[in-house]
Every structure is written in structure tokens, then in C-alpha cells.
Amino acid sequence: MMADQPTTLWEVFIRARNGVSHRHAGSVHASDAEMALQAARDVYTRRGEGLSIWVVPSAAIVASDPSDKDSLFEPTGSKIYRHPTFYEVPDEVGNM
Amino acid sequence: MYSQALNTSPSVADTSEAATRFQKRIDAEVRIEPNDAMPEAYRRTLIRQISQHAHSEIVGMLPEGNWITRAPSLRRKAALLAKVQDEGGHGLYLYAAAETLGVSREELVDQLLTGRAKYSSIFNYPTLSWADIGTIGWLVDGAAIMNQIPLCRCSYGPYARAMIRICKEESFHQRQGFEIMLTLCRGTVEQKAMAQDALNRWWWPCLMMFGPPDTQSQHSDSSMRWKIKRFTNDSLRQKFVDATVPQGLHLGLTFPDASLRFDEPSGHWEFGEIDWDEFRRVLAGDGPCNRERLSVRRKAHDDGAWVREAAHAWAAKQTVSREAA
């Protein structure tokens, strides 16, 4: 038996309710966008998980390389002055 | 639903520097994500385990799907339909998790249909009466949950995330099964006998779902070390027995095991010898329904071929007309 012709992979993003952003829920296979939306609805929203769905062809996503992790994200580790707790405010001044 | 510890992996000790670094990350409970470096054996073990788990969900739809049209009420029918639909969904979450490791969906489906891949032995037993549907929900899904909860903390991120979703959805499966049993046990003498008969047939195969005893399972070492698996087969089996026996007694049913007794000092239920020859026979393809399950899956796949072809043709046509416009 020959394996079937591959079907496009799509990433599924769901907005759980208004006021929050779409979040990655998983992926589905479908040959076109309309079927991908339908499959995402069936696979990822069987219990009222969402109000809005995005589907994006997985191949369209540009991702950072895990091996670049250090050069991309490490530099911020030492920049503690970007956080409010770096600065001193006397207790008697109260919340700021 | 669940694929038991068919999930074996070679216990090769990789002492390379990369492997040591990987093990350090695992020990520090750092989750591994798809594009991270990982030992080949870790990748292979996960592809095998996750895909067997996915196949089990898909084949697991068959014994219950049989009963949808014969459910005794609309309420039961709606619940069973939702449960079987969930299992289809669970199979799809798991296939997607396996694909992040570099294997294609088509390849995985092909492995199942050609009989090269294994799935849980439990689905090779027949569902003879409506009480079997209750028993499957109560016991098979109960055993599955026992197995799956620790997998929510599996070291591989996509598998753990799929398991969290599955566990959340699956607790209804067990409860609806128990409710069916409760209704039968409170019903007529015949209905209660039906429930007892189903328990008699399913109890031992359910205990086998946890896989061979720890003394015989030489393969779980690396899975434990990699934190793919967090408890041994025997410890999960014992947990299941301890949780389930009081539920069965509440139903007024008798377990088909003369050696079953509560051991006061340890606080555990002791149970009799499991027939491991039967387990191996069913796993090797010689259970009551192995051939039927695979032939039904193959037929469904073949019957759907024209739909897949049409969808591909339609997508190609749309692309052409978009480019022309």
C-alpha cells in the first residue's frame, strides 16, 4: 500500500473570548483554508473553547532557530534596569 | 483511551557529551520542544509511543461506535456519540504531536493500516452487550486516565500539552460509563446480570492495559530516565485496582478474581495472577477482534479515498484560478 499524498498542515489559533488574544491550540491537516477552518472547529472547539479561529499554513510561519537562543535572548538577562524593581523608592512614598 | 506499555525503548547508555547535556536538562525538568536537540533514541521512542497512543484512540472508536445506533435512549446515544467523537479528536491531537518529531501523518496512518504499528490490546476484545459500553467507560477509560495523568508531565512539550487536553476531556468518559453501570445494577435482575457479565469479561484485559510486570519490562529504564514515563506498570496497575474495586463493590458487583482481598497493613487490594500468555497473544495479533478491527479501518480509509482526492483536486483548481485572476 502506498501512503497518501501529503495534505497541507495548518496551525490553529483560537480566541477563547473577546478581550483575550488568539492562542495556539494545535494543528490540523486540510487541503484548503476552508476545510482547515472546518477541521479546526471540529477538533479544537467541541466544548465552547472559542469565539474565533485563525488557521495559518504551518509552512508560512517563520521561526527563530533554537540554536540562536542565547544570542537572541541572553542579552536582556543582564538588563535588570528595564524592570521597575531596579529602582529604589522609599516606603513612605507609598505605591508607585 | 490509551496504548499501554507496548511502548518499549532500547536501553542503550549514550555517554556522549550531547547526551549528558540533554539528560541534565531533563533532570532539571526543562521541557523539550520540537526543534531542540535530542538524542535519536529519545526521538524514536517518542514517535513510537505517541503514534501507538494515537492509533489506540482511532481503533478505540470501533468497539463503541458499534453501539451508537443501538443506544437505549437519546441521552445515552448523544453521550456515546460525543465520546467517540472525542476519541477521534484525541487521535488527531496525538498524531499532530508525533508529527512535530519529523514523521508525516500519511506515514503514520500507513503504519497502522499495514499492521506495522501496534495499538492497545484492549480494543481487540468484542463489545457483546450494552453493558460493555458502560464497562469500557468505567474501566478502560478509568485505566487510561490513571496512565495518562502522569503523561501530562512528560518531558516532551507537545505530548504533554496534548495529554492535558485529553485528560480534561476524558473524565466525562469514565463518569458516563459508571452511570450506565449504576443504572443497570439498579435495574432488573437481567440487567444486573448483564453488568456482571461485562465486568467478568473486561476486568482482566483492563489489568493488562498497564503492560507487562516490572520484573519483565526491561525496556522502561530509558523512558523513566527521560521522564517520558514517571511510574512503573505495576505501580499504576495497583493504583487502578485500589481506586476501582470499591467502585465495583458499590455497584454490588463481584470481581472475577478469587484472590482479590484487601490487605489492611499496606492499605492495598491484592489481586491474582494475570494471564500474560493471553496478553502476548492478543498483542501479537491473535485476539478475538484484531483482524476485524484492521479490516474495518482499512475499509473506512479506502472508502474515503475519493474524498481526499476530490479535496486535493479542488485545492489545486482554486490555486490555478487564483493565479489566473
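Each remark here, short or long, concerns the structure printed above.
These numbers come from a predicted model, not from an experiment.

Caption draft 1: Structural detail: the overall build of chain A. When helices and strands are tallied, chain A shows two helices and three strands. N-terminal to C-terminal, the α/β element order of chain A is β-β-α-β-α. At 22 Å, chain A has a C-alpha radius of gyration far larger than the 12 Å of a compact globule built from 96 residues. Here the C-alpha coordinates of chain A stretch approximately 75 × 35 × 20 Å along the principal axes. The buried share of chain A, reckoned over its 96 residues, is 24%. The contacts in chain A between residues at least 6 apart in sequence include a share of 42% that link residues at least 24 apart.

Caption draft 2: Here's a closer look at helix H6 (residues 157–185) of chain B. Here H6(B) contains 29 residues, and its C-alpha end-to-end distance of 42 Å stays within 8% of the 42 Å for a straight helix at 1.5 Å per residue. Where H6(B) bends most, at Glu169(B), the angle is about 30 degrees.

Caption draft 3: Layout of helix H11 (residues 290–303) of chain B. All names here are of chain B. If you check H11, its first and last C-alpha atoms are 20 Å apart, about what 14 residues at 1.5 Å a residue would give, namely 20 Å. All buried positions along H11 are accounted for by Asn290, Arg293, Leu294 and His301. Around the axis of H11, the buried residues are gathered within 90 degrees of arc, so they sit on the same side. What points out from H11, more than 90 degrees from its buried face, is the exposed set Arg291 and Lys299. Looking at the buried positions of H11, the neighbouring elements they touch are helix H2 (40–65), helix H4 (105–113), helix H10 (276–286) and helix H12 (305–324).

Caption draft 4: Seen up close, a nonpolar patch on the surface. A contiguous nonpolar surface patch, about 430 Å² in accessible area, is contributed by Ile80(A), Tyr81(A), Phe86(A) and Tyr87(A). Here Tyr81(A) shows up in the segment after helix H2 (69–73).

So, how was this worked out
- Counting starts from 1 at the beginning of each chain's written sequence and moves along it residue by residue.
- Think of it this way: whatever chain is written first is A, whatever ligand is written first is 1, and the rest follow in order.
- Owing to the predicted nature of the model, reporting of local features is limited to residues with pLDDT of at least 70; listing and counting of side-chain atom pairs is limited to 80 or more, with chain, interface and lining totals taken over all residues.
- Hydrogens and waters are ignored; side-chain quantities use all the structure's heavy atoms.
- Comment: elements are numbered from the N terminus, with helices defined as DSSP H or I runs of at least four residues and strands as E runs of at least two.
- Two things to know: the radius of gyration comes from C-alpha atoms, and the globule rule equals 2.2 Å times the number of residues to the power 0.38.
- Buried, partly exposed and exposed residues are distinguished by accessible area as a fraction of the type maximum, computed with a 1.4 Å probe on protein chains only: under 20%, between the cut-offs, and over 50%, respectively.
- By definition in these notes, contact holds between two residues if any of their heavy atoms fall within 4.5 Å.
- Expected span of a helix, by definition, is 1.5 Å for each gap between consecutive residues, and there is one gap fewer than residues.
- Each residue is assigned a bend, namely the angle between axes fitted to the seven residues that terminate at it and the seven residues that start at it.
- By arc we mean the arc of the directions from the helix axis to the C-beta atoms, nothing more.
- In this scheme, patches are assembled from residues that exceed 30% relative accessible area and form no salt bridge. Like charges are connected within 9 Å, while nonpolar side chains (Val, Leu, Ile, Met, Phe, Trp, Tyr) are connected within 5 Å.
- Shrake-Rupley sampling with a 1.4 Å probe provides the accessible areas, and residues are treated as covered by the protein chains on show and by no other component.
- Criterion for a salt bridge: a side-chain nitrogen of Lys or Arg within 4 Å of a carboxyl oxygen of Asp or Glu.

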